Amino acid sequence: MKEDFLKFQAQTSPHPLAMEVSKAKGSYIYDEKGQPYLDFVAGVSACTLGHCHPKVVKAIQEQAEKYMHVMVYGEYAQSPAVNYTKFLASLLPPNLQSTYLVNSGTEAIEGAIKLARRATGRSELIAAKNAYHGNTMGSLSLLGKEERKGPFRPLLPDVSFINYNDDEDLARITSKTAGVVLETIQGGGGFILPTANYLKKVRERCHETEALLILDEIQPGFGRTGTLFAFEQYEIVPDILVIGKGMASGMPVGAFVASIELMSHLQQGPKLGHITTFGGNPVIAAASLATLRELQETNIMLEVSEKEQLFRELLQHENILEIRGKGLMLAPILKTAEMANHVILTCAKKGLILFWLQFEPRALRISPPLTISKKEIEEGCGMILEVINMYEQ
Ligand SMILES: Cc1ncc(COP(=O)(O)O)c(C=O)c1O
């Protein structure tokens, strides 16, 4: 299978891990020989409830038997999407009551950009250096690393970049700005948290200039940092919230959420201001609903901070300079990029899945299923330390 994978499936890098997967359950992925791999990555923060959570599988199966795709987004009332958006609205502040469901994170960012431009009549977008918002042309225009986007220029005009966590740079947000797009916690940049009051200052500046604040919670959303969304911990509310990844616990999805009034701009001038065939797909919406119900009805989110603490206690080593991030979005920073690469590849051989962060080569990505057990955390951290120790010899 590996040969065919490399030959027929378009590749994203010269050296993919190319593990041959046979099944996945809970915190483990199994290869073609039935060998288990403890998963500290969760499909890059997507499998919120672990692999093949029974309630998510059941919701998918039941909905697939009733109906799957029946019509493009926005025409028919389909109970999975209606029930999901209603439930989500009940958990969000009063200005985030209308959810536009799409198929991926990057598509949700595209929708948010369009909404900000359409609603304000302005064209400028401001994003942060080292930001990652996805890979379609609009999202790529907001990517804060020139070497990754330069070869694809020309991109969107009127995009400028500020330093994340730099208060002085906020003066660059002006009455020409349609939207300020920020990750609540920078992911690819190295799991960088906003400093005290930074997001409040951004919020204030956006109010002053009437620019829309667009928060990308595609990665920290759905309980990963201990609350349903990370912005709740910074005492601010965005104008547009962008979500995806962990929302359907392993099914492809994205959404952008705004006030009913703001979102109405996509219905007229022009009508069909944003359309999609598969957005709001009933099977995906059923998986999203099952995921959100499980997060609300259990202690999974409450346990996130205890699990973070356990990771921090266990991962103490002279070669780990610091552990960035929050909740179950953690990045131990090793002394060198070579060491991090060695640990990731050696752990993979030994049965522990770790991954890289796009713009911080010294980091180990740790973003396990939120359902991971303490015993599994101990087991995986033990392996990381063992491999770091072996590297020294
Ligand atoms: C913060 C953030 N925004 C946007 C995206 C893009 O999401 P998708 O890969 O579903 O298009 C990602 C994916 O890694 C992300 O982490």
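The structure this text deals with has already been given above.
Residues numbered from 1 in each chain as written. Predicted model: local features only at pLDDT ≥ 70, side-chain atom pairs only at ≥ 80, totals over all residues. Heavy atoms only, no water.

### Re the nonpolar core
The biggest cluster of nonpolar side chains holds 78 residues, and the ones touching the most others in it are F40, V343, L354 and I384. Element by element, the count of residues in this core is highest for helix α10 (residues 282-297), at 8 residues. Among all residues touching I384, those that are not within four sequence positions of it are F40, L315, V343, C347, L352, L354, L364 and I366. (Core = buried A, V, L, I, M, F, W, Y, C linked by side-chain atoms within 4.5 Å. Buried < 20%, exposed > 50% of the residue type's maximum accessible area, 1.4 Å probe, protein only. Helix = DSSP H or I, 4+ residues; strand = E, 2+ residues; numbered from the N terminus. Contact = heavy atoms within 4.5 Å.)

### A closer look at the packing of aromatic side chains
Enumeration according to the criterion identifies 8 aromatic pairs in this entry. Ring geometry for F222 versus F229: centroids 5.1 Å apart, planes at 75°, classification edge-to-face. Taken individually, F222 and F229 each receive the classification buried, so the pair is uniform in this respect. Here a set of aromatic residues connected by ring pairs shows up, and it is made of Y73, Y100 and F256. Over the aromatic face of Y30 sits the side chain of K23, whose NZ or CZ is 4.8 Å from the ring centroid. (Phe/Tyr/Trp six-rings, centres within 6.5 Å; stacked < 30°, edge-to-face > 60°. Lys NZ or Arg CZ within 6 Å of the ring centre and 35° of its normal.)

### Describing the site of the ligand
Around the ligand lies a shell formed by S104, G105, T106, Y132, H133, G134, E183, D216, I218, Q219 and K245. Within the backbone of G105, one N or O atom sits 2.9 Å away from an oxygen atom of the ligand. One of the backbone nitrogen or oxygen atoms of Y132 is found 3.5 Å away from a nitrogen atom of the ligand. Notes on the ligand: free accessible area 390 Å², of which the protein chains cover 80%. Of the residues belonging to the shell around the ligand, the class tally is 2 nonpolar, 6 polar and 3 charged. (Near = heavy atom within 4 Å. Polar contact = N/O pair within 3.5 Å; in protein donor to acceptor, adjacent residues only side chain to side chain. Areas by Shrake-Rupley, 256 points an atom, 1.4 Å probe, with all protein chains shown as cover. Nonpolar A, V, L, I, M, F, W, Y, C, P; charged D, E, K, R; others polar.)

### Describing the sheet that holds strand β10 (residues 254-258)
Taking strand neighbours across the sheet as the criterion, the 7 strands line up as β4-β10-β9-β8-β7-β5-β6 in an open arrangement whose pairing is mixed. The two strands at the open ends of the sheet, each matched to only one other strand, are β4 (98-102) and β6 (159-162). For this sheet, the mean inter-axis angle between neighbouring strands, taken without regard to orientation, is 20°. Bridge analysis of β4 against β10 gives 5 bridges, and the strand direction is antiparallel. Paired with Y100 across the strands is F256, a residue of β10. Contacts from helix α4 (residues 79-90) reach β4, β9 (240-244) and β10, with the element oriented near 130° to β4. (Pairing = 2+ DSSP bridges. Axes fitted to C-alpha atoms, helices over the stretch in contact; angles between N-to-C directions.)

### Here's the deal with the pairing of strand β3 (residues 36-39)
Taken together, the 3 bridges between strand β2 (residues 28-31) and β3 define a ladder with antiparallel strand orientation. Across the sheet, the residue bridging to I29 is Y37, located in β3. Between the end of β2 and the start of β3, which pair antiparallel, lie 4 residues, with G34 showing a positive phi angle near 85°. As paired elements, β3 and strand β13 (residues 352-353) share 2 bridges and run parallel to each other. What sits directly across from D39, in β13, is I353.

### A word on the sheet that holds β2
In space, the 4 strands of this open sheet follow the order β1-β2-β3-β13, with mixed pairing throughout. At either margin of the open sheet sits one strand with a lone partner, and together these are β1 (21-25) and β13. The sheet contact formed by β1 and β2 spans 4 bridges and is antiparallel. Within β2, the position partnered with K23 by the bridge is Y30.

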